[in-house]
Amino acid sequence: MPIDLICLDADDTLWHNMRFFAAAEQAFADLVAPFADDGAVRARMQAIEVRNLRHYGYGAKSFTLSMIETALELGGDALPIDSVRRILAIGRELLAHPVELLDGIGDTLERLAGMGRLVLVTKGDLLHQEVKLAASGLGQLFTGVEIVSDKRADTFVRVFHRYGCAPQRAVMAGDSMRSDVLPALEAGAWGAFIPQPLAWTHEAADAPTGHPRFRRLARLAELPDWIDDIG
């Protein structure tokens, strides 16, 4: 059965993202170095980020709030007020980073758009994701954009229903096994995992073994050929 709906993640699938978060985290670790070593800062930050997901969701604004909270936990009353100002500046810089497309993304999306309807399915802050999509110059290739608070099987079921597509005629491709691939497979669709360096450990999960609707790809440019094979 041919694929009709092609769902794609945004950050680190279409454009670079984690490299900017990694730079922000390093700047933050350097800032609070008087209170904890690098490893302890990163471990505490990771725990607070995950804890705060249910309050703030995903994205640069949530990351900034988690940096402030981490700094306050580590530094306590000894944390200079100027440190909070500097953390806010790190967050603003993160929000303003340029949109840098991964290699060959434009040509790949042009090809995919000729094979089925493209829908962007991404997590994060609504405004920030909309700004990045606009800056990417790719928006006109997408039939729809779904910016969601999280990606679960029921999220994909709703997306497929919204676009009138049976799950077995949909594919989801992204760099997160936990958020892009496993819930799409659970919803009955096909799932393509395209790993990227610097992936957030929270998004890691074991790959399904021997699953007939799963494929690991080296880059998004391999997706059109796999969709041809499916059809």
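See the structure above.
Residues numbered from 1 in each chain as written. Predicted model: local features only at pLDDT ≥ 70, side-chain atom pairs only at ≥ 80, totals over all residues. Heavy atoms only, no water.

Asker: What am I meant to see in the side chain of Asn-52 here?
Answerer: For Asn-52, the position within the fold is in helix α2 (residues 38–56). Of the residues examined, Asn-52 reaches a relative accessible area of 3% and is grouped as buried. Excluding residues that lie within four positions of it along the chain, Asn-52 makes contacts with Gly-57, Ser-66 and Glu-69. (Helix = DSSP H or I, 4+ residues; strand = E, 2+ residues; numbered from the N terminus. Buried < 20%, exposed > 50% of the residue type's maximum accessible area, 1.4 Å probe, protein only. Contact = heavy atoms within 4.5 Å.)

Asker: When you look at the pairing of strand β2 (residues 117–123) in this model, what are you seeing that I'm missing?
Answerer: If a strand is regular, its side chains alternate between the two faces of the sheet. Within β2, six of the seven residues are buried, which leaves it mostly tucked inside the rest of the structure. As defined by bridge partners, strand β1 (residues 5–8) adjoins β2 across four bridges and the pair is classed as parallel. Bridge pairing in β2 places Cys-7 opposite Val-119. Considered for its hand, the β-α-β crossover made up of β2, helix α6 (residues 126–136) and strand β3 (residues 144–148) is right-handed. (Pairing = 2+ DSSP bridges. Right-handed = clockwise from strand over helix to strand, strands pointing away.)

Asker: Looking at this model, I keep getting lost on the pairing of β1. Mind explaining?
Answerer: Because side chains alternate across β1, one face comprises the buried residues Leu-5 and Cys-7, and the other comprises Ile-6 and Leu-8, equally buried. Taken together, the four bridges between β1 and strand β4 (residues 170–174) define a ladder with parallel strand orientation. When the bridges of β4 are listed, Cys-7 appears paired with Met-172.

Asker: Even after reading the chapter, I still don't get the packing of helix α1 (residues 18–31) against α2, so can you show me in this structure?
Answerer: To characterise two packed helices, one gives the angle between the axes of the helices and the distance between these axes. Close contact between α1 and α2 brings their axes to 9 Å; oriented N to C, the two are set at 120 degrees. In terms of axis orientation, α1 runs oblique to α2. In this structure, the crossing between α1 and α2 has a hand that is right-handed. Where α1 approaches α2, its residues Glu-25, Gln-26, Phe-28 and Ala-29 are matched on the opposing element by Asp-38, Val-41, Arg-42 and Met-45. Taken together, the residues of the contact of α1 with α2 sort by class into four nonpolar, one polar and three charged. (Axes fitted to C-alpha atoms, helices over the stretch in contact; angles between N-to-C directions. Parallel < 35°, antiparallel > 145°, perpendicular 65-115°, else oblique. Left-handed = near helix turned anticlockwise from the far one by under 90°. Nonpolar A, V, L, I, M, F, W, Y, C, P; charged D, E, K, R; others polar.)

Asker: Got a minute to help me understand the packing of aromatic side chains in this structure?
Answerer: The geometry of two aromatic rings is summed up by the distance between their centres and the angle between their planes. Across all of its chains, the model carries three aromatic pairs by this definition. Residues Trp-190 and Trp-226 carry aromatic rings whose centres are separated by 5.9 Å and whose planes lie at 80 degrees to one another, so their mutual orientation is edge-to-face. Residue Trp-190 is found in strand β5 (residues 190–193), and its partner Trp-226 is found in helix α9 (residues 223–230); the two are separated by 36 residues along the sequence. When sorted by exposure, Trp-190 lands in the same class as Trp-226, which is buried. When the ring centre of Tyr-58 is taken as reference, the NZ or CZ atom of Lys-123 above it lies at 3.7 Å. (Phe/Tyr/Trp six-rings, centres within 6.5 Å; stacked < 30°, edge-to-face > 60°. Lys NZ or Arg CZ within 6 Å of the ring centre and 35° of its normal.)

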